[in-house]
Every structure is written in C-alpha cells, then in structure tokens.
Amino acid sequence: MKARLESTIAILGFVAGMALATPAARASTSYYQQFGGESGMHSLVNDFVNRVTSDTRIDFYFAHTNIPALKAALTTQFCMLEGGGCKFDMSMKSVHQGLNITQAAFNALANDLNITMDKHDIPVAAQNNLLAKLAAMESQVVTK
C-alpha cells in the first residue's frame, strides 16, 4: 500500500507538471464517456466520497460537511473537467479556505481517488487527465 501511495504521488507530480506545461484545454468528451457519462460519474463520485469520509487519514476534514452537497459539487466539477459539458464555477481557494489542508491530506485524497477510479475500471488516460487537472489546483487547496 505504501508503494502504491508513493507511486500515486509521483504520478500526480509528473502529470501536474505535464498539465502546467501544455496549454489548458477542455477535456475531450470521450474522457467523460470513459467515466461512464452522467451515471458513471455519479457512481464514481458517490464511491469516492464514501471512501474519503471513512479514511482515517482525512475523515475529520469532512466531519461538518454537507455530504450530499459535496457529492453534487464534485460530480459537476469532475463532469466539467472531463468534458461532460457541466458548468462548475466554485473557487477552490475559497471552498478550502480555513480548512488547514496539509500536503499529506491532499495526497491521501488523491490516493483515494486513484483507488476509486481503478475500482470503476476507468481507463488510465482518462484517470491521468482528471488527476492532472486536480493536481494543478493543489496550491489553491493545500494551505498548511
């Protein structure tokens, strides 16, 4: 498990660097379809949020969170990032302000997402596309 986490963190760093080195582009709708479209994205996010809220490394960050609202927001955000045509305009900096999120917590969440995407048989290219876009937001999320 430790090797998998270190591998995931290394991949996130590499993919984030790649994303920042190339012009920002909207994801191909084929990525969204590789997540299973609307129903697949909903199922993935549902499993992902259930995983992070029960992960003892980070569960306390979600203790006072409106979980249905979180699931809806993440579904919309992931849909937009993967080219599904959804509109998401929340500021990651304001959403995470005051939460004192550490690098370790960010990495744990990324690891949980990776495990969840593997469980849902999401193709690696679609996984990397989403991870790169999320990793590029790290500086807006990690505040401690």
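Residues numbered from 1 in each chain as written. Predicted model: local features only at pLDDT ≥ 70, side-chain atom pairs only at ≥ 80, totals over all residues. Heavy atoms only, no water.

> So, the overall build of the protein: which residues are in play, and what are the values?
Counting its secondary structure elements, the protein contains 8 helices and 0 strands. When the helices and strands of the protein are listed from N to C terminus, the series reads α-α-α-α-α-α-α-α. Here the protein holds 144 residues, and 40% of them are scored as buried. Sequence separation of 24 or more characterises 80% of the internal contacts of the protein that already satisfy a separation of 6 or more. (Helix = DSSP H or I, 4+ residues; strand = E, 2+ residues; numbered from the N terminus. Buried < 20%, exposed > 50% of the residue type's maximum accessible area, 1.4 Å probe, protein only. Contact = heavy atoms within 4.5 Å.)

> Talk me through the confidence of the model for the protein; I want residue IDs and the actual numbers.
Of the residues in the protein, 80% have a pLDDT of 70 or more, and the chain-wide mean is 83. Confidence scores differ between elements of the protein, with helix H1 (residues 2-21) showing the lowest mean pLDDT of 43 and helix H3 (residues 37-53) the highest of 97. Predicted confidence for residues 1-26 stays below pLDDT 50, and this span has 30 contacts to residues more than four positions away or in other chains. (pLDDT = per-residue confidence, 0-100.)

> Break down the packing of helix H6 (residues 103-119) against helix H7 (residues 124-135) for me, citing the residues and quoting the values.
Relative orientation of the contacting elements H6 and H7 amounts to 165°, with a least axis distance of 11 Å. One element, H6, and the other, H7, form an angle in the roughly antiparallel class. With respect to the hand of their crossing, H6 and H7 are arranged in right-handed fashion. Within the contact between the two elements, H6 uses Phe106, Leu113, Asn114, Met117 and Asp118 and H7 uses Gln127, Leu130, Leu131, Leu134 and Ala135. Within the contact of H6 with H7, the residues separate by chemical class into 7 nonpolar, 2 polar and 1 charged. (Axes fitted to C-alpha atoms, helices over the stretch in contact; angles between N-to-C directions. Parallel < 35°, antiparallel > 145°, perpendicular 65-115°, else oblique. Left-handed = near helix turned anticlockwise from the far one by under 90°. Nonpolar A, V, L, I, M, F, W, Y, C, P; charged D, E, K, R; others polar.)

> Break down the nonpolar core for me, citing the residues and quoting the values.
Proteins that are soluble and globular tend to have nonpolar side chains buried together. Counting 32 residues, the largest nonpolar core has Phe35, Phe78, Leu113, Met117 and Leu130 as its most contacted members. Going through the elements one at a time, H3, helix H4 (67-81), H6 and H7 are the ones with two or more residues in this core. Element by element, the count of residues in this core is highest for H3, at 6 residues. Contacts of leucine 113, omitting those with residues within four sequence positions, involve Phe48, Phe78, Leu130, Leu131 and Leu134. (Core = buried A, V, L, I, M, F, W, Y, C linked by side-chain atoms within 4.5 Å.)

> Explain the pattern of salt bridges to me, and be specific about the residues and the numbers.
Applying the stated rule across the entire model yields 3 salt bridges. In this structure, aspartate 47 and lysine 119 form a salt bridge, with 3.3 Å as the shortest nitrogen-oxygen distance. A residue pair is termed long-range when its members are at least 10 positions apart, and aspartate 47 in helix H3 and lysine 119 in helix H6 qualify at 72 residues. The salt bridge partner of aspartate 112 is arginine 57, with a shortest N-O separation of 3.3 Å. With aspartate 112 in helix H6 and arginine 57 in the loop between H3 and H4, the pair connects residues that are 55 residues apart, well separated along the chain. Overall, the relative accessible area of 3% leaves aspartate 112 in the buried class. For arginine 57, a relative accessible area of 35% translates into the label partly exposed. One salt-bridge network, held together by shared partners, links Asp55, Arg57 and Asp112. (Salt bridge = Lys/Arg side-chain N within 4 Å of Asp/Glu carboxyl O.)

> Lay out H3 in plain terms, naming residues and giving numbers.
Helix length check: H3, at 17 residues, gives a terminal C-alpha distance of 24 Å against a target of 24 Å (1.5 Å per residue), a fit within 8%. Residues of H3 that are buried: Gly37, Gly40, Met41, Leu44, Val45, Phe48, Val49 and Val52. The buried residues of H3 occupy one face: seen down the axis, they fall within an arc of 155°. Facing away from the buried side of H3 by over 90 degrees, the exposed positions are Ser39 and His42. (Expected span 1.5 Å × (residues − 1). Arc of directions from axis to C-beta.)

> Give a detailed account of the packing of H3 against H6, specifying residues and quantitative values.
With their axes 9 Å apart at the nearest point, H3 and H6 run at an angle of 140° to one another. The pairing of H3 with H6 is recorded here as oblique in orientation. For the pair H3 and H6, the sense of crossing is right-handed. Across from Leu44, Asp47, Phe48, Arg51 and Val52 in H3, the residues of H6 making contact are Leu109, Asp112, Leu113, Ile115, Thr116, Met117 and Lys119. In terms of residue class, the contact of H3 with H6 is built from 7 nonpolar, 1 polar and 4 charged.

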